[in-house]
Structures are given as structure tokens and as C-alpha cells.
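Each chain is listed here by its residues.
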Amino acid sequence: LKIETYDVGSVFNVQVNCNKPPFDKKEVRQALSYSLNRAEMAKTAFFGISEPIATPWYNPSSLAYKQELVNAHPFDLDKAAKMLETAGAKGLSMTTNVTPRWPQMKLFMLLWQADLAKIGVKLTVNEVETAKFYDIAADKDMLGADIHPWLNGRVLRDPAILWSSQANFRGNEKNIFGFKSPEMEKLIADAAGEVDAAKRKSMYQKLNEMFVDEAYLIQVATNPFIFAMKKGVNGLSADLTGNVILGTASVGG
């Protein structure tokens, strides 16, 4: 078989419910980010196909790309434990939900669960049907959960498209999970209307820095699309959303 992968700008992440203490504290969210062993997750839960990331703008093709942010918040349980203690969240207990629709989610959550237990943090992982999983994602209180694994697309398109289409990236009322940042929102609006390419790039790089620092939507790994085909198939391609384009495909000898 011939294997091809397409990086369509889809990423796995963890949505933190900032409506609920202590997750309204940036230090607690940052601690959660540092407690993620992304490299091991990419190797084990994603079978070595995905790349561990701490920012959705992981590709140099993006205006928001900053190399030093791709692997920001490296795995450090000791640091995470100290940050939680300083923030008054020692012995934290969290609940999350996964769905069979994306088995990778359950795998990386169980890996995270084991690591968190080493620093006295309890993560309860429930498995729910896909419809319930989407209901949780649409509820501002996550139907009682504290964090929720998710996927976002469009991260490799112009950042203005991403910010206008992905509500959970926002820092205003569009983000139902409580994260608010007037400073980010002003910069999002200014960058979308800026005509100078260099200035736009600088603005989106600043937004990247702020996004990673606030850690309200914690990135885990890329989600490449994988296709397998028999030898002799040529010209298979995919569009920007990962849909397979068969019109250009052919079968050779």
C-alpha cells in the first residue's frame, strides 16, 4: 500500500472551562499545559503520525508562526505541581468526557490521567456517545465537566479566517467557556483590518504569544489526514478542509 498524509490544519486540543474556579486562573491553566506529555501522547495515542504542539500556529506557512512557541510549555510535572500549589489548587480534581468517534482522545486523556495522578491531581475520564459529546461542547458549563477535548480546523489559513470562524479561540462573549480578553479582541480586529503585511504578521505573532500564555485552549497534537491506496494510484489530492479530490486521480500500471 502507498500511504499519503495531508496536513490540513486540524489540531487536537483541550478546552478549559474558565467559567469554573479554579480554572479562571491563568496559572492553573498553565500548570495543566505543563503537565501534558505531548511527545509521549503523539508517539503513543497518535501512533507517531501527529506532531506534539503547544500552539495551533505550528507551521511556518502561518502569519502567526513563532518557532519558539511550537513547543512552549514543555512537559514538567514538578513545575505543574508547584504552580497548582501556588495558585491554591493543590489536590485538584477534574472531570472530562471522550467519545469513540475519536479514540485518540481517550488514549491521550488516559495518559494524562496517569501523569496527573503522580502530582496528586485526579482526572476522571468518562466515555459518552458522540451526540452527548457535542452537547457537552455546546454547554457553557460542559454539563458538569471541567475540561473537554476537542478539534479545531482552519489553523493554517489566514488567521483572520480562523479568528472569525472558531468561537472557542475568542476572548469575548462568543467564547461560551468564559475566557475574556479585551486586549486580544482589539488586536484580533486590528489585525484583520491591517493592510501592511509585515504589521499583520507582527500582530498575529503577538496573538500567538497571548494565546499560549493564557492557556484557555490547550493544544496537544496535530491531526493530519491519512489515506492509503494501492500502488499505481496517482494524482490523489485533498482540498483545504481535507476532503479527498478524486477528479485528478488515476490508476497507472
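Residues numbered from 1 in each chain as written. Predicted model: local features only at pLDDT ≥ 70, side-chain atom pairs only at ≥ 80, totals over all residues. Heavy atoms only, no water.

(A) Up close: the packing of aromatic side chains. The full count for this structure, using the stated rule, is 15 aromatic pairs. Taking the centre distance of 5.9 Å and the plane angle of 85 degrees together, the rings of Trp-163 and Phe-169 count as edge-to-face. Residue Trp-163 shares its accessibility class with Phe-169, and that shared class is buried. Linked through ring pairs, Trp-57, Trp-163, Phe-169, Phe-179, Phe-211 and Tyr-216 together constitute an aromatic cluster. (Phe/Tyr/Trp six-rings, centres within 6.5 Å; stacked < 30°, edge-to-face > 60°. Buried < 20%, exposed > 50% of the residue type's maximum accessible area, 1.4 Å probe, protein only.)

(B) Spotlight on the nonpolar core. Met-94, Phe-108, Met-109 and Trp-112 are the most contacted members of the largest nonpolar core, which has 43 residues in total. Counting residues per element, this core draws most heavily on helix α5 (residues 103–117), which supplies five residues. Setting aside chain neighbours within four positions, we find Trp-112 in contact with Val-14, Leu-32, Ser-35, Leu-36, Met-41, Leu-123 and Ile-147. The next biggest cluster of nonpolar side chains, apart from the first, holds 24 residues, and it includes Cys-18, Met-184, Met-203 and Phe-211. (Core = buried A, V, L, I, M, F, W, Y, C linked by side-chain atoms within 4.5 Å. Helix = DSSP H or I, 4+ residues; strand = E, 2+ residues; numbered from the N terminus. Contact = heavy atoms within 4.5 Å.)

(C) Main features of the packing of helix α8 (residues 182–193) against helix α9 (residues 197–214). Between α8 and α9, whose axes approach to 9 Å, the crossing angle comes to 155 degrees. What the angle tells us is that α8 and α9 run roughly antiparallel. Relative to α9, the crossing made by α8 is left-handed. Of the residues in α9, those touching α8 at Glu-183, Met-184, Leu-187, Ile-188, Asp-190, Ala-191 and Ala-192 are Arg-200, Met-203, Tyr-204, Lys-206, Leu-207 and Met-210. Across the contact of α8 with α9, the residue classes tally to nine nonpolar, no polar and four charged. (Axes fitted to C-alpha atoms, helices over the stretch in contact; angles between N-to-C directions. Parallel < 35°, antiparallel > 145°, perpendicular 65-115°, else oblique. Left-handed = near helix turned anticlockwise from the far one by under 90°. Nonpolar A, V, L, I, M, F, W, Y, C, P; charged D, E, K, R; others polar.)

(D) Representation of the pattern of salt bridges. On inspection of all chains with the given rule, the structure shows twelve salt bridges. Taking the shortest distance from any N to any O, the salt bridge between Lys-140 and Asp-141 comes out at 3.3 Å. Measuring nitrogen to oxygen at the nearest pair gives 3.9 Å for the salt bridge that ties Glu-209 to Lys-206. Residue Glu-209 and its partner Lys-206 are both found in helix α9; the two are separated by three residues, about one turn of the helix. (Salt bridge = Lys/Arg side-chain N within 4 Å of Asp/Glu carboxyl O.)

(E) Representation of the layout of surface pockets within the structure. By volume, the largest pocket amounts to about 430 Å³. Together, 21 residues line the largest pocket, and Arg-101, Trp-102, Gln-104, Leu-151 and Asn-223 are the ones closest to its centre. Taken together, the elements giving at least two residues each to the lining of the largest pocket come down to α5, α6 (130–137), β5 (147–152) and β7 (225–229). Examining the composition of the lining of the largest pocket, we find that four residues originate from one element, α5, more than from any other. (1 Å grid on protein atoms, 1.4 Å probe; cavity = no way out; pocket = protein on both sides within 12 Å on 5 of 7 lines; lining within 4 Å. Points joined across faces, edges and corners; volume = space filled by probe spheres on them.)

(F) How the structure looks around the packing of helix α1 (residues 26–34) against helix α4 (residues 77–86). Here α1 crosses α4 at 165 degrees, and the two axes come no closer than 8 Å. By the angle between their directions, the pair α1 and α4 is classed as roughly antiparallel. Along this stretch, α1 crosses α4, giving a crossing that reads as left-handed. Across the interface between the two elements, Glu-27, Val-28, Gln-30, Ala-31 and Tyr-34 from α1 touch Lys-79, Ala-80, Met-83 and Leu-84 from α4. When its residues are assigned to classes, the contact of α1 with α4 shows six nonpolar, one polar and two charged.

(G) Summary view of empty space enclosed by the protein. Here the structure, examined in full by the defined rule, presents one cavity of 30 Å³ or more. Taken as a whole, the largest cavity holds about 40 Å³ of empty space. In terms of lining, the largest cavity is formed by Ser-33, Arg-38, Ala-54, His-73, Phe-211, Val-212, Ala-215, Leu-217, Ile-218 and Gln-219. Broken down by secondary-structure element, the contributors of at least two residues to the lining of the largest cavity are α9 and β6 (217–222). The element best represented in the lining of the largest cavity is β6, accounting for three residues. In the lining of the largest cavity, the residues fall into six nonpolar, three polar and one charged.

(H) The arrangement of the environment of Glu-85 in detail. Following the sequence through the fold, Glu-85 ends up in helix α4. The spatial distance from the C-alpha of Glu-85 to the C-alpha of Val-28 is 9.1 Å, given a sequence separation of 57 residues.

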